[in-house]
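# Examination of the molecular architecture
Spelled out, the chains give:
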Amino acid sequence: MKNAEAAWSAFDSIAYVDHNYRDLQAEDAEILHIVRDHFADHFRKRGVGPVYGIDVGAGANLYPALSMLPWCDEITLFERSPANVAYLESQVDSYAENWDQFWAALCGNEDYAISCADPRERFGKVVKVRQGDIFDLERLGGRWSVGTMFFVAESMTSSHQEFTLGVERFMRTLAPGAPFAAAFMEHSQGYHTGEQFFPACDVGENEVRESLEPFADEFKVHRLKSEAGLREGYSGIILSYGWRGNSDAPVPIR
Ligand SMILES: C[S@@+](CC[C@H](N)C(=O)[O-])C[C@H]1O[C@@H](n2cnc3c(N)ncnc32)[C@H](O)[C@@H]1O
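Residues numbered from 1 in each chain as written. Predicted model: local features only at pLDDT ≥ 70, side-chain atom pairs only at ≥ 80, totals over all residues. Heavy atoms only, no water.

### Notes on the packing of helix 8 (residues 160-172) against helix 9 (residues 205-212)
Following both chains from N to C, one finds helix 8 and helix 9 inclined at 45 degrees, their axes separated by 9 Å at the closest point. Overall, the two elements helix 8 and helix 9 adopt an arrangement that is oblique. In the packing of helix 8 onto helix 9, the handedness of the crossing is right-handed. In this structure, helix 8 uses Phe163, Val167 and Met171 to contact helix 9, whose residues at the interface are Glu207, Val208, Ser211 and Leu212. Here the residues of the contact of helix 8 with helix 9 are counted per class, giving five nonpolar, one polar and one charged. (Axes fitted to C-alpha atoms, helices over the stretch in contact; angles between N-to-C directions. Helix = DSSP H or I, 4+ residues; strand = E, 2+ residues; numbered from the N terminus. Parallel < 35°, antiparallel > 145°, perpendicular 65-115°, else oblique. Left-handed = near helix turned anticlockwise from the far one by under 90°. Contact = heavy atoms within 4.5 Å. Nonpolar A, V, L, I, M, F, W, Y, C, P; charged D, E, K, R; others polar.)

### Things to note about the environment of cysteine 107
Tracing the sequence through the fold places cysteine 107 in the loop between helix 5 (100-106) and helix 6 (110-115). Given a relative accessible area of 24%, cysteine 107 falls into the partly exposed group. When neighbours within four sequence positions are excluded, cysteine 107 is seen to be in contact with Tyr112 and Ala113. (Buried < 20%, exposed > 50% of the residue type's maximum accessible area, 1.4 Å probe, protein only.)

### Description of the pairing of strand 4 (residues 146-150)
For strand 4, a buried count of five out of five residues is recorded, marking the element as mostly surrounded by other parts of the structure. By the alternation rule, side chains of strand 4 split into Val146, Thr148 and Phe150 and Gly147 and Met149, which are all buried. The pairing of strand 1 (residues 51-56) with strand 4 spans three bridges and is classified as parallel. Bridging from a neighbouring strand, aspartate 55 pairs with threonine 148 of strand 4. Pairing analysis gives four bridges linking strand 4 to strand 5 (residues 179-186), with the strands arranged parallel. (Pairing = 2+ DSSP bridges.)

Shown next, in the form of structure tokens:
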């Protein structure tokens, strides 16, 4: 099933949050620890001022945005599904209490704790929700200085071509040298939110590495240690993080 064929407007945001993010799971805690240290190390060393961040395919997940909060004076939550856009908009002014445990995990790194005394208020000030299609992001290339994309490129289509293009579109939104983090379901067979089934593309560490290589300078691909079990029909989670390259390698002909 191609991306355009799935019923994104029928995405059940509330069921999705209840299933995945009502409580902080071991897998998400492991992701948060790695991503917070990657971003904090980057911004501590580079000492750059406030930047623009983007979370592509934000869905009904606020923690990628929270992971960028200390350094951003604007964070774009870019999302296709009108249901998820409505959920995100409902969270901007004062996000729900379940997200507090995700912020607490980020605060294991003192740069988070020090930077935002009131993360809820800061979130309301910097977050902008924008409805759009990842495949149209080409027009906005190089605009963002930090970025995340969690469970999107492989969880929006069963086409490998669309998966690769999704990763490319995400990476090309970033300015040279921008730090990024991207998470992928390994060997996913698709998933339900509420009653609705959504497609996935079967990828492993090699496909993730190959999709990022042309656009990243230096990056790691890491299979989480935590046991899979929370989300249906996949064998593990792959997290990659690194920096957007300064010049792109030639993209293989598809
Ligand atoms: C499995 S969900 C992941 C949501 C969230 N990032 C997370 O970490 O839980 C996949 C998301 O991709 C979004 N999506 C699907 N096709 C898209 C497209 N063409 N452009 C932008 N977002 C898209 C879906 O609406 C959904 O929110």
